[in-house]
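An overview of the molecular structure
Residue-level listing of the chains:
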Amino acid sequence: MVINVNAQCEGLTGILKGESSLEIKQQGIDSMLRTMVTNENQELADCFHDIGNQWFYRNWKQSESPSDLEKAIRYTQKAITIKSGLPTVDTTSLKQSLFNLSHFQRMNGSYFDALSSYEHILTLGGKHGFTNLAQKAIGRVYIQVGDFRKAIDVFEEIIEAN
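Residues numbered from 1 in each chain as written. Predicted model: local features only at pLDDT ≥ 70, side-chain atom pairs only at ≥ 80, totals over all residues. Heavy atoms only, no water.

Thoughts on the pattern of salt bridges
All told, the structure shown has two salt bridges when counted by the stated rule. Of the charged contacts in the structure, one is a salt bridge between Asp46 and Lys83, with a shortest N-O distance of 3.9 Å. Placement of Asp46 in helix α3 (residues 42-63) and of Lys83 in helix α4 (residues 66-85) is noted, with a sequence separation of 37 residues between them. Lys83 sits in the buried class, given a relative accessible area of 2%. (Salt bridge = Lys/Arg side-chain N within 4 Å of Asp/Glu carboxyl O. Helix = DSSP H or I, 4+ residues; strand = E, 2+ residues; numbered from the N terminus. Buried < 20%, exposed > 50% of the residue type's maximum accessible area, 1.4 Å probe, protein only.)

And the structure:
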C-alpha cells in the first residue's frame, strides 16, 4: 500500500497530466530535473518523491517492468537523502517517503531492506499515521518471510498499545 497524494512538484504534475507518450513524458521529467538539481531543497526532494511514486511506481503497476520498480526505489532514496540532510526536517514528509520506499522494496522482494526502512520510520517517533502503518507493515513482512513468531510479537505490541 503506497500513500498516494497529489504530486507536490508542479512541473511534474503538468508533465504527467499531458496527453504525450510515455517517452515524451520521460524526456520532460529529465529536462525538469536538469534545471532543478543545482539546489538540494525540499522542493527537489518532493519532486524526487513524486517521480518515484507518481511516475515509476505507477508505470511498474501497469508494465511490471523490474527497471521501473528499481527506478522508483532509486528516486525515493534520493528524496530521503535530501530530506534527511535539510536543516529543518519535515518528519511527516520524510516518513511518507520512507513508507513508499519500504513498499517498493517489499514489491521488489527486498524484504529485509523493507524492514529496515519501516523501522527507520519508527525511530522518527509519533504514535499515529505513518508510524502505525509501519508497525502493521513490519508484521506483514515478518509473515512474508516466514517469521511468524516475530509477526505475532509485533501484532501483540500493536494491540497492547491501542
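Quick word on the side chain of Lys95
By secondary structure assignment, the location of Lys95 is in helix α5 (residues 91-107). It is Asp90 that comes nearest to the buried, bridge-free Lys95 among opposite-charge side chains, at 9.5 Å. (Lys, Arg positive; Asp, Glu negative; His and termini not counted.)

Brief notes about the nonpolar core
Counting residues in hydrophobic clusters, the biggest one holds 34 residues, and the most contacted among them are Tyr118 and Ile121. Among the elements that make up this core, the one with the highest residue count is α3 (eight residues). Apart from residues no more than four positions distant in its own chain, Ile121 is found in contact with Lys95, Leu98, Phe99, Phe130, Thr131 and Ala134. (Core = buried A, V, L, I, M, F, W, Y, C linked by side-chain atoms within 4.5 Å. Contact = heavy atoms within 4.5 Å.)

Some words on the packing of aromatic side chains
Applying the stated rule across the entire model yields six aromatic pairs. Geometrically, the ring pair formed by Phe48 and Tyr75 is tilted, given 5.7 Å between the ring centres and 50° between the ring planes. One end of the pair, Phe48, is in helix α3; the other, Tyr75, is in helix α4, with 27 residues separating them in the sequence. Relative accessible area serves as the criterion here: at 7%, Phe48 is assigned to the buried category. Ring centres of Phe99 and Phe130 lie 6.0 Å apart, and the angle between their planes is 50°; this geometry places the pair in the tilted category. (Phe/Tyr/Trp six-rings, centres within 6.5 Å; stacked < 30°, edge-to-face > 60°.)

Some details on the packing of helix α7 (residues 130-144) against helix α8 (residues 148-161)
Closest axis-to-axis distance for the α7/α8 pair is 7 Å, and the angle between their directions is 160°. Put simply, α7 runs roughly antiparallel to α8. The crossing of α7 and α8 is left-handed. Residues Gln135, Lys136, Ile138, Gly139, Arg140, Tyr142 and Ile143 of α7 touch α8, and the partners they reach there are Phe148, Lys150, Ala151, Val154, Phe155 and Ile158. Taken together, the residues that form the contact of α7 with α8 break down as eight nonpolar, two polar and three charged. (Axes fitted to C-alpha atoms, helices over the stretch in contact; angles between N-to-C directions. Parallel < 35°, antiparallel > 145°, perpendicular 65-115°, else oblique. Left-handed = near helix turned anticlockwise from the far one by under 90°. Nonpolar A, V, L, I, M, F, W, Y, C, P; charged D, E, K, R; others polar.)

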